Amino acid sequence: MYRLIIRPILFLLDPEKVHHISFSSIKFLSQIGLSGLFKSIFLIEDKRLERELFGLKFKNPVGLAAGFDKNAVLYNELSNFGFGFVEIGTLTPKPQDGNPKKRLFRLKADKAIINRMGFNNNGVFDAVEKLKKEHKVLIGGNIGKNKITPNNEAIKDYLICFDALFDHVDYFVVNVSSPNTPGLRELQDKEPLMALLNELQLENSKLCKQKETIRKPILLKIAPDLTESQLLDIIEIVDKTKIDGVIATNTTISRDNLKSHAPLVKEAGGLSGAPLKNRSTEVIRFLAQKSNKSFPIIGVGGIHSAEDAIEKLEAGADLIQLWTGFVYEGPGLVKKINKSILEKLNA
Ligand SMILES: Cc1cc2nc3c(=O)[nH]c(=O)nc-3n(C[C@H](O)[C@H](O)[C@H](O)COP(=O)(O)O)c2cc1C
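Residues numbered from 1 in each chain as written. Predicted model: local features only at pLDDT ≥ 70, side-chain atom pairs only at ≥ 80, totals over all residues. Heavy atoms only, no water.

A. Representation of the overall build of the protein chain. Each helix and strand in the protein chain was counted, giving 11 helices and 13 strands. For 347 residues, the compact-globule estimate of 2.2 N^0.38 gives 20 Å, and the protein chain sits close to it at 19 Å. Projecting the C-alpha coordinates of the protein chain onto the three principal axes gives extents of approximately 50 × 45 × 40 Å. Relative to its full complement of 347 residues, the protein chain shows a buried share of 59%. Counting contacts in the protein chain only where the partners sit at least 6 residues apart, residues at least 24 apart contribute 73% of the total. (Helix = DSSP H or I, 4+ residues; strand = E, 2+ residues; numbered from the N terminus. Rg over C-alpha atoms; globule rule 2.2 N^0.38 Å. Buried < 20%, exposed > 50% of the residue type's maximum accessible area, 1.4 Å probe, protein only. Contact = heavy atoms within 4.5 Å.)

Next up, the structure:
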């Protein structure tokens, strides 16, 4: 029904408008009491789907990737579609508008999206207010820096977000891999990345002591465009900084093997969806093999079917996330993946 009726209508409209319309519709339908209906259609609860990682118990391994609920306005409602976790953000200390519109493009022939949103968000303190209600799902807090903050002051921005969200999220994601904030990806280089992650770990220990609580897991989100030698550096950095894992991957700046044509493919920004699938799986497999699977990996990039999800898990991912596939294939995709994981266990 989604692919035959709803998607063709939605795809007639501007993609960013559709995102807002979908948000309002989900909120409205949940407010008039349809959350239970969504749950009964989309949610699978089964002990065999549960995963324990970095001290957290995930109800199932399928999560919603960052950038969908940037401002933490709909995480509970979105969990009714069957997600085991929802990642909010990327959040920055100050609110910012992001890049001028139009900044989101559908490449239908490729089942892909190009976005250059540029961390549009209402700021971390607004999100903190939204996160004060009860959480029905595990929440990841994806953090970044403001566009106006120079890279040599970036650590301050990440620390502000970390401190603000500490009591309100279950794990953190350090985003240094978005292609849409000028210079951000330079923070993936060995030296600045070690400095950033060490500083966040120190803050983690400090807040733990102060609040007499346990530390929060910290994961690093990386780009799919890193070379093998940069990926080897990432393995070393995870080992040295003792962070809890890696999310592979963010969107790509590559435009290889696309069916769509110019001017669409020439739009600046990060490409997500089906064309990203193989590269992101390659990165997961490389990290898992070269590290002897010494840290957890969340696999994301181009998952549009249960087979794509299983491929990522078999390559070494412990959990997976969706964004573009959720939009192209519809909310039923989460259930399809979880069902397929269970079927594989029974086979
Ligand atoms: C419109 C859009 C906005 C995104 N915003 C963010 C973001 O703010 N932070 C982030 O870490 N990733 C962001 N992403 C990347 C996704 O979280 C994901 O890593 C990427 O899209 C690959 O997964 P997919 O092929 O399933 O979409 C965004 C993706 C899209 C399509």
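B. Representation of the site of the ligand in the model. Neighbouring the ligand are 23 residues, the closest being Ala66, Thr90, Gly273, Gly302 and Thr324. Asparagine 142 places a side-chain nitrogen or oxygen 3.0 Å from an oxygen atom of the ligand. Note that an oxygen atom of the ligand is positioned 2.7 Å from one of the backbone N or O atoms of glycine 302. Coverage of the ligand by the protein amounts to 97% of the 610 Å² it exposes when considered alone. Top element by residues in the shell around the ligand is strand β3 (residues 62-69). It accounts for 3 residues. (Near = heavy atom within 4 Å. Polar contact = N/O pair within 3.5 Å; in protein donor to acceptor, adjacent residues only side chain to side chain. Areas by Shrake-Rupley, 256 points an atom, 1.4 Å probe, with all protein chains shown as cover.)

C. Quick look at the packing of aromatic side chains. A complete count under the given rule lists 15 aromatic pairs for this structure. Judged by centre distance (6.2 Å) and plane angle (55 degrees), the ring pair of phenylalanine 54 and tyrosine 171 falls under tilted. A residue pair is termed long-range when its members are at least 10 positions apart, and phenylalanine 54 in the loop between β1 (51-53) and β2 (56-58) and tyrosine 171 in strand β8 (residues 171-175) qualify at 117 residues. By relative accessible area, phenylalanine 54 is classed as buried at 17%. (Phe/Tyr/Trp six-rings, centres within 6.5 Å; stacked < 30°, edge-to-face > 60°.)

D. Representation of the UniProt feature "active site" (unreviewed entry) in the protein chain. As recorded in UniProt, the feature "active site" (unreviewed entry) lies at Ser178. Structurally, the position occupied by serine 178 is in the loop between β8 and α6 (190-211). Taking relative accessible area as the criterion, serine 178 reaches 7% and is therefore assigned buried. In this structure serine 178 touches Phe119, Leu184, Arg185 and Asn250, once residues within four positions along its chain are discounted. (UniProt positions renumbered as here; feature names shortened; annotations may be inferred.)

E. Broad picture of the UniProt feature "binding site: FMN" (unreviewed entry) in the protein chain. According to UniProt, the positions carrying the feature "binding site: FMN" (unreviewed entry) are Ala66, Gly67, Phe68, Asp69, Lys70, Thr90, Asn142, Asn175, Lys221, Thr249, Gly273 and Gly302. Following the sequence through the fold, asparagine 175 ends up in strand β8. When its relative accessible area of 3% is taken as the criterion, asparagine 175 is described as buried. With respect to the secondary-structure elements, threonine 249 resides in the loop between β10 (245-248) and β11 (270-273). When residues no more than four places from it in sequence are discounted, the contact partners of threonine 249 are Lys221, Ile222, Ala223, Pro224, Leu276, Ser280, Val283 and Val300.

F. Just the packing of helix α9 (residues 306-315) against helix α11 (residues 332-346), in detail. It is the contact of α9 with α11, at a shortest axis distance of 9 Å, that shows an interaxial angle of 55 degrees. The orientation of α9 relative to α11 falls into the category oblique. Our pair here, α9 against α11, has a crossing hand that is right-handed. Contacts between α9 and α11 involve Ala306, Ala309, Ile310, Leu313 and Glu314 on the former and, on the latter, Leu333, Lys336, Ile337, Ser340, Ile341 and Lys344. The residue makeup of the contact of α9 with α11, split by class, is 7 nonpolar, 1 polar and 3 charged. (Axes fitted to C-alpha atoms, helices over the stretch in contact; angles between N-to-C directions. Parallel < 35°, antiparallel > 145°, perpendicular 65-115°, else oblique. Left-handed = near helix turned anticlockwise from the far one by under 90°. Nonpolar A, V, L, I, M, F, W, Y, C, P; charged D, E, K, R; others polar.)

G. Quick look at the sheet that holds strand β9 (residues 218-222). Taken together, 8 strands build a closed barrel; the order of strands is β3-β4-β7-β8-β9-β10-β12-β13 and the barrel is parallel. Pairwise comparison of adjacent strand axes, ignoring direction, gives a mean angle of 25 degrees for this sheet. Relative to β10, β9 is paired through 4 bridges, and the arrangement is parallel. Paired with isoleucine 222 across the two strands is alanine 248, which belongs to β10. Packing against the sheet, α6 makes contact with β8 and β9, and its axis sits at approximately 155 degrees to β9. Lying over the sheet, α11 contacts β3 and β13 (319-322), oriented at roughly 160 degrees with respect to β13. (Pairing = 2+ DSSP bridges.)

H. Local environment of helix α8 (residues 277-290). An ideal rise of 1.5 Å per residue puts 20 Å on 14 residues; α8 measures up with 20 Å between its terminal C-alpha atoms. Listed as buried for α8 are Lys277, Ser280, Thr281, Val283, Ile284, Phe286, Leu287 and Ala288. On its buried face, α8 sits against β9, α7 (228-241), β10, β11, β12 (297-300) and α9. The positive-phi residue at the C-terminal boundary of α8 is asparagine 292, with phi of around 55 degrees. (Expected span 1.5 Å × (residues − 1).)

I. Looking closely at the environment of leucine 29. Take leucine 29: it is sitting in helix α2 (residues 15-42). By relative accessible area, leucine 29 is classed as partly exposed at 28%. Setting aside residues up to four positions removed in sequence, leucine 29 forms contacts with Leu34, Ser35 and Phe38.

J. Structural view of the side chain of threonine 90. Topologically, threonine 90 is positioned in strand β4 (residues 85-91). Residue classification places threonine 90 among the buried residues on the basis of a relative accessible area of 5%. A polar contact of 2.6 Å, which involves the side chain of threonine 90, links it to the side chain of asparagine 142. Among the polar contacts made by the side chain of threonine 90, one reaches the side chain of asparagine 175 at a distance of 2.9 Å. Sequence-distant contacts of threonine 90, defined by excluding residues within four places in its chain, comprise Gly67, Lys70, Phe119, Asn121, Asn142, Ile143, Gly144 and Asn175.

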